[in-house]
Amino acid sequence: MPTFAEQVYAIVEQIPVGTVVSYGQIAKMLGNPRAARQVGWAMGNCPDHLPWQRVVLANGDIAGGGYAARRRAMLEEEGIPFRADGRVDMERCRWF
C-alpha cells in the first residue's frame, strides 16, 4: 500500500497545466477531508519533477515560503489567472 505522501504525489502528478488544486481538495480526493495539513507536509518533500506549483491554499494564496515568488512565476507562465489581490482565481482554474 502506498504511503500517504505517495498517494498525494500520485494526485499531484495528474494536475493538468493551467489548473490548480488546494491542499484540502487533495485531502478530500484521498478520502480524508481533514488531512489538508498532512498534504502540506507531504508537499514539503514533493519530488521536483512533479507540478508542485499547482497546489495552493483554498483561498488562492500561494504557500511556499521562500519559493512563493518562483511558484507564482511558474503559474503565470502556465496561464493561471490571478485576482487583483494577488491570489489565484480559484473559480476560473480549479481542477476537479
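Our subject in this report is the structure included herewith. The numbering scheme is per chain: residues are counted from 1 as the chain's sequence reads. In view of the model being predicted, local features appear only for residues whose pLDDT reaches at least 70, and side-chain atom pairs are presented and counted only at 80 or more, with totals across whole chains, interfaces and linings using the full set of residues. The basis for the side-chain values is all heavy atoms of the structure; hydrogens and waters are excluded.

Let's shift gears to the environment of Ile26. Relative to the helices and strands, Ile26 resides in helix 2 (residues 23-29). For every residue, the accessible area obtained with a 1.4 Å probe (protein chains only) is divided by the maximum for its type, and the residue is called buried under 20%, exposed over 50%, and partly exposed between those limits. Judged by its relative accessible area of 0%, Ile26 falls in the buried class. Each C-alpha atom of the pair Ile26 and Val39 lies 7.2 Å from the other, and the pair is 13 residues apart in sequence. Strands are runs of DSSP state E lasting at least two residues, helices are runs of H or I lasting at least four, and both sets are numbered from the N terminus onward.

Buried within helix 1 (residues 4-12) we find Val8, Tyr9, Ile11 and Val12. The buried residues of helix 1 all sit within an arc of 160° when viewed along its axis, so they share a single face. On its buried face, helix 1 is in contact with helix 2, helix 3 (36-43) and strand 2 (55-56). This arc is taken over the directions from the axis of the helix to the C-beta atoms. Residues count as neighbours in contact if any of their non-hydrogen atoms are within 4.5 Å of one another.

Our focus in this paragraph is the layout of surface pockets. In this analysis, the protein atoms alone were mapped onto a 1 Å grid. Cavities are point sets where a 1.4 Å probe fits without being able to get out; pockets are open sets with protein on both sides within 12 Å along at least five of seven lines; lining residues have an atom within 4 Å of a point. Grid points are joined across faces, edges and corners, and a volume is the space filled by probe spheres set on the points. Space inside the largest pocket adds up to approximately 250 Å³. Along the walls of the largest pocket sit Tyr23, Met43, Gly44, Asn45, Cys46, Asp48, Trp52, Ala63, Gly64, Tyr67, Arg70 and Arg71, which together make up its complete lining. Grouping the constituent residues of the lining of the largest pocket by class yields 6 nonpolar, 3 polar and 3 charged. Classification convention: Asp, Glu, Lys, Arg as charged; Ala, Val, Leu, Ile, Met, Phe, Trp, Tyr, Cys, Pro as nonpolar; all other residues, Gly among them, as polar.

In this structure, Val8, Val12, Ile26, Val39, Met43 and Val55 are the most contacted members of the largest nonpolar core, which totals 18 residues. Those elements giving two or more residues to this core turn out to be helix 1, helix 2 and helix 3. No other element matches the 4 residues that helix 1 contributes to this core. The contact partners of Val55, leaving out residues within four places of it in the chain, are Val12, Ile15, Val21, Ser22, Tyr23, Ile26, Met43 and Arg71. Counting residues in hydrophobic clusters, the runner-up holds 9 residues, among them Val56, Ile62, Ile80 and Val88. Put simply, buried Ala, Val, Leu, Ile, Met, Phe, Trp, Tyr and Cys residues joined by side-chain atoms within 4.5 Å make one nonpolar core.

Right, let's talk about the packing of helix 1 against helix 3 for a bit. The contact between helix 1 and helix 3 brings their axes to 9 Å, and the two run at 80°. Regarding the angle of helix 1 to helix 3, the classification is roughly perpendicular. From helix 1, Phe4, Ala5, Val8, Tyr9 and Val12 reach across to helix 3, where they touch Gln38, Val39, Ala42 and Met43. Of the residues in the contact of helix 1 with helix 3, the class split is 8 nonpolar, 1 polar and no charged. Axes here refer to lines fitted to C-alpha atoms; in helices the fit is confined to the stretch in contact. Angles between the N-to-C directions go from 0 to 180 degrees. Oblique is the label for any angle not covered by the other classes, which are roughly parallel (under 35 degrees), roughly antiparallel (over 145) and roughly perpendicular (65 to 115).

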